Amino acid sequence: MTATPAELAALIPDGATLALAPDYSGCSLATIRELVRKGASGLRLVGLPQLGLQADLLIAAGCVAGVETAAISLGELGLAPAFDRAWRAGSVTVTESTCPAIHAGLTAAEKGVSHLPLAGVIGSDLVGLRPDWRLGPDPFTGEPGLLVPAIRPDFLLFHAAVADRSGNVWIGVRRELMLAAHAARRTLATVEEVVAHDLLADDLWAAGTIPALYVERVATAPAGAAPVGLRNRYGPDRAWLAAYAEAARDPASCKTFIDAWLRDG
Amino acid sequence: MAEPERLLVMIGVIARLLRGLRHVAVGASSPVPAAAALVARELGRGRPTVSILGSETSNPFTDGGRELFDCAAQGRLDAFFLSGAQIDATGAVNLLGLGEPGRMRRRFMGNFGAPYLASLVPNVILFRTDHGVRTLVEKVDFVTAPGVEGRWLVTDRAVFRRQAGRLRLVSWHAGEMAETVRAATGFAFETAHDAGETPGLEAAAAAQLRGPVGAVLREVYPAFAAQLT
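Residues numbered from 1 in each chain as written. Chains lettered and ligands numbered in written order. Predicted model: local features only at pLDDT ≥ 70, side-chain atom pairs only at ≥ 80, totals over all residues. Heavy atoms only, no water.

## Considerations on the packing of aromatic side chains
Here's step 1: Applying the stated criterion across every chain yields a total of 8 aromatic pairs over all chains.
Here's step 2: Ring geometry for Trp170(A) against Trp205(A): centres 5.2 Å apart, planes inclined by 70°, an arrangement best described as edge-to-face. In this pair, Trp170(A) is assigned in strand S9 (residues 169-170) and Trp205(A) in helix H7 (residues 203-206), connecting sequence segments 35 residues apart.
Here's step 3: With 6.3 Å between their ring centres and 75° between their planes, Phe187(B) and Phe189(B) make a pair best called edge-to-face.
Here's step 4: Classification of Phe187(B) as buried rests on a relative accessible area of 3%.
Here's step 5: Through a chain of ring-to-ring contacts, three or more aromatic side chains come together here, namely Trp240(A), Tyr244(A) and Phe257(A). (Phe/Tyr/Trp six-rings, centres within 6.5 Å; stacked < 30°, edge-to-face > 60°. Helix = DSSP H or I, 4+ residues; strand = E, 2+ residues; numbered from the N terminus. Buried < 20%, exposed > 50% of the residue type's maximum accessible area, 1.4 Å probe, protein only.)

## Quick word on the nonpolar core
Here's step 1: Counting residues in hydrophobic clusters, the biggest one holds 97 residues, and the most contacted among them are Leu35(A), Leu43(A), Leu45(A) and Leu58(A).
Here's step 2: Setting aside residues no more than four positions away along its own chain, Leu58(A) makes contact with Leu20(A), Ile32(A), Leu35(A), Val36(A), Leu43(A), Leu45(A), Cys63(A) and Val64(A).
Here's step 3: Grouped together as the second largest cluster of nonpolar side chains are 40 residues, Leu7(B), Ile11(B), Ile14(B) and Val50(B) included. (Core = buried A, V, L, I, M, F, W, Y, C linked by side-chain atoms within 4.5 Å. Contact = heavy atoms within 4.5 Å.)

## Regarding the environment of Arg76(B)
Residues and elements named next belong to chain B.
Here's step 1: Mapping arginine 76 onto the fold places it in the loop between helix H3 (66-74) and strand S3 (79-82).
Here's step 2: For the pair arginine 76 and threonine 49, spaced 27 residues apart in the sequence, the C-alpha separation amounts to 11 Å.
Here's step 3: The residues touching arginine 76, leaving out its near neighbours within four places in the chain, are His23 and Cys71.

## Overview of helix H5 (residues 99-111) of chain A
Residue and element names in this part refer to chain A.
Here's step 1: Given a rise of 1.5 Å per residue, 13 residues ought to cover 18 Å, and the 19 Å separating the end C-alpha atoms of H5 matches this to within 8%.
Here's step 2: A large share of H5 lies buried, amounting to 11 of its 13 residues.
Here's step 3: Here H5 has its buried residues at Cys99, Pro100, Ala101, Ile102, His103, Ala104, Gly105, Leu106, Thr107, Ala108 and Ala109. (Expected span 1.5 Å × (residues − 1).)

## Structural notes on unusual backbone geometry
Residues other than glycine predominantly adopt negative phi, and peptide bonds predominantly adopt the trans conformation.
Here's step 1: The amide bond that connects Ala226(A) to the next residue, Pro227(A), takes the cis arrangement and shows omega of 10°.
Here's step 2: Of note, Pro227(A) is situated in the loop between strand S12 (217-220) and helix H8 (238-247).
Here's step 3: A cis amide bond links Arg47(B) to the next residue, Pro48(B), at an omega of 5°.
Here's step 4: Take Pro48(B): it is sitting in the loop between helix H2 (31-43) and strand S2 (49-52).
Here's step 5: One non-glycine residue with positive phi stands out, namely Asn232(A), at about 65°.
Here's step 6: Assignment of secondary structure puts Asn232(A) in the loop between S12 and H8.

## Some words on helix H6 (residues 203-210) of chain B
All names here are of chain B.
Here's step 1: Among all positions in H6, only Ala205, Ala206, Gln208 and Leu209 are buried. Along the axis of H6, the buried residues cluster in a sector spanning 155°; they form a single face. The exposed set on the far side of H6, more than 90 degrees from its buried face, consists of Ala203 and Arg210.
Here's step 2: Buried positions along H6 lie against helix H1 (4-17), H2, helix H7 (212-220) and helix H8 (222-228). (Arc of directions from axis to C-beta.)

## What about the pairing of strand S10 (residues 186-195) of chain A?
As a general feature of sheets, a regular strand has side chains that alternate between the two faces.
Residues and elements named next belong to chain A.
Here's step 1: Across the 10 residues of S10, 7 count as buried, placing the element largely inside the fold.
Here's step 2: As judged from the 9 bridges shared by strand S8 (residues 155-164) and S10, these two strands associate in the parallel manner. In the strand pairing of S10, leucine 156 is matched with threonine 187.
Here's step 3: Bridge count between S10 and S12: 4 bridges; the pairing is parallel. When the bridges of S12 are listed, threonine 190 appears paired with alanine 219. (Pairing = 2+ DSSP bridges.)

## Side note on the packing of H8(A) against helix H9 (residues 251-264) of chain A
All names here are of chain A.
Here's step 1: Between H8 and H9, the shortest axis-to-axis distance is 8 Å and the interhelical angle comes to 145°. Listed contacts from H9 to Trp240, Ala243, Tyr244 and Ala247 of H8 are Ser253, Cys254, Phe257 and Trp261.
Here's step 2: In terms of residue class, the contact of H8 with H9 is built from 7 nonpolar, 1 polar and no charged. (Axes fitted to C-alpha atoms, helices over the stretch in contact; angles between N-to-C directions. Nonpolar A, V, L, I, M, F, W, Y, C, P; charged D, E, K, R; others polar.)

## Description of the interface of chain B and chain A
Here's step 1: Taken together, the contacts link 39 residues of chain B with 39 residues of chain A.
Here's step 2: Per-residue buried area on chain B facing chain A is highest for Arg66(B), Arg107(B) and Met109(B); these three make up 23% of the total on that side.
Here's step 3: Linking chain B to chain A there are 3 salt bridges.
Here's step 4: Of the charged contacts, one joins Arg107(B) and Glu96(A) as a salt bridge, the two residues approaching to 2.7 Å between their closest N and O atoms.
Here's step 5: Inspection of the region where chain B meets chain A yields 16 residue pairs in polar contact (both at pLDDT 80 or more).
Here's step 6: The set of elements that each furnish at least two residues to the side of chain B that touches chain A consists of H3, strand S7 (103-107), helix H4 (114-120), H7 and H8 of chain B.
Here's step 7: Here the side of chain B that touches chain A gets 5 residues from one element, more than from any other, and that element is H4(B).
Here's step 8: Along the lines of polarity and charge, the residues of the side of chain B that touches chain A split into 21 nonpolar, 11 polar and 7 charged. (Buried area = accessible area lost by both parts, 1.4 Å probe. Salt bridge = Lys/Arg side-chain N within 4 Å of Asp/Glu carboxyl O. Polar contact = N/O pair within 3.5 Å; in protein donor to acceptor, adjacent residues only side chain to side chain.)

## Let's talk about the side chain of Gln86(B)
Here's step 1: With respect to the helices, strands and loops of the structure, Gln86(B) is situated in strand S4 (residues 86-88).
Here's step 2: Look past the residues within four positions of Gln86(B) in its chain and what remains in contact with it is Ala92(B), Val93(B), Asn94(B), Leu98(B), Arg134(B), Thr135(B), Val137(B), Val140(B), Asp141(B) and Phe142(B).

## Things to note about the sheet that holds strand S6 (residues 134-137) of chain A
Residues and elements named next belong to chain A.
Here's step 1: Taken in spatial order, the 3 strands of this open sheet run S5-S7-S6, and their pairing is antiparallel. Both outer strands of the open sheet, strand S5 (115-118) and S6, are each paired with one neighbouring strand and no more. Each strand axis lies, on average, 35° off the axis of its neighbour in the sheet, ignoring direction.
Here's step 2: Relative to strand S7 (residues 144-149), S5 is paired through 4 bridges, and the arrangement is antiparallel.

By themselves, these are just geometric observations and shouldn't be taken as functional.
Following this line, the structure appears as C-alpha cells:
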C-alpha cells in the first residue's frame, strides 16, 4: 500500500531537520506542496549539497527556521528570491558550508562515526564561520587537517521514478540520495509509479535502488517533481520557473503565486 | 552578461588552456567554461573527459554528488572553473557575499565546492563575464578560496595570470587596450612584456559551438545557448 504526499507531509513534525536534493536530483515538490498546505514551521533544511526551488517555496511560505547548505539558488534564474528576503530580514539562519563538507558529514553519519577528516578548505574564510569544525594536525601525516562533524538529518524527502510494492526505491545514478538515505533517521519518497516486479531481484535495477530497509514510506505522485523535472522522465517547466523567479521578488505577488500553486495541485 | 562576440573570445581562450588535459569538470552557473570544455573535448577527439554538473548527457559520474570531490582529492581532476562576486589582485575569489564576514550586507548563492576544489585541483581557471571595478577588486571581502601562483583569470575584456603574488595582464580582447582594461579594473596590475591582443575563436571551435556543443549547452544553459547563436 502506498501513501499519499499529504500523508508523507503529516509525518514530518515542525522543527525537524529535512534533507532536500538540488533541482537536478530528485525533488518531491508534491510533498513540499503538502508541507506548505499544512502550515509546517521551524523546519531546518539540509542541502544535498545545495538547495533550490523546494527550499525557496518552503521559505516563502514561512515553513523554515534555518538552512545548512553549500549554496541556495534558482540555478540559471539567479538568487532564490524568498530566501534572499528572509536572509536580509534575519528570519532564516544560515549555516554556511561547502559541497564536500556536507557529503563528508553525511558519510560520517552513514558510518555511525562522529566526524570525518576533509581535504582542502583550509585557507578559506569559511573555516572561520564554522565553530563546530575542528582544525588540527592529521595524526598519521602531521599535515594540517580539518574535521567536520556527522550530519544526521531527521528526514530525507525525495522523488524518484520507480518503487516496487516492497518499498524499494530506484534512484539510478542519483546516489547522493542513497548516501542521504543511509545518513537520515527516516526517509520518505514519492515516485512516478509503483511497479509489480521486485527491484532487488535484477542487478540492473538493484544497483541503483535504495532498499526498503532505509525507506519508511513511499507515496505515488505522478509528475511529483514538476516543475523542476525528473531525470530521463520529464524536463523542467521553464515558463513556470521564470514566472516564479519574477513573482517571488515581491512578498505580495509571491504569496499570490504560491496560493495559485496550492490551488492547482 | 557580455556581448556574444566577447563570450566567444572567452570560450576560445579557455578551450586552448584545456588542451591535452585528461579530465575537466564544470560546476554550477558556469556556461562559458561549459562551452569551452565541450569545444576542447570535440577538438581533442574526446579528450579531455568533460563532466558538467546538472547535465544528463555530459556527466560520466555514477556515484552521486560526492564523486567529483573525491576525484579532486585523489588528483583525478585536472581542471575546474571558478567565478566570484569579487575576484582580487591575488586571484582570491569571493562567492559568498559583500561586507564583513558574519555581518554581510548582501549574500550571493553560496560557496559551492570552491573552498575545497580551489586547493586540490591543479588548474583552476577564474572567469568573469562582466569585467568591472566592482567585481575585480584589490581585496575580496570574504575569501571563499585564496589565489595561487600561475592561476589564470579570463574576463570579457582581457586575460590575466598570477605571477609574483599578483594577477598580471597577459592579453586584451579585440576592442580593448591595456589602458581600457586598466580603467575597468579595481586593482593595479603590471602588463606582461609580451602582452598583446587575445586571439579570436578559431573557425573549427566556432563550428563545434554551432553543432554538437550547442546541443549540450541547450540542455544545461538554454538562455546562454540562445544568446550565443
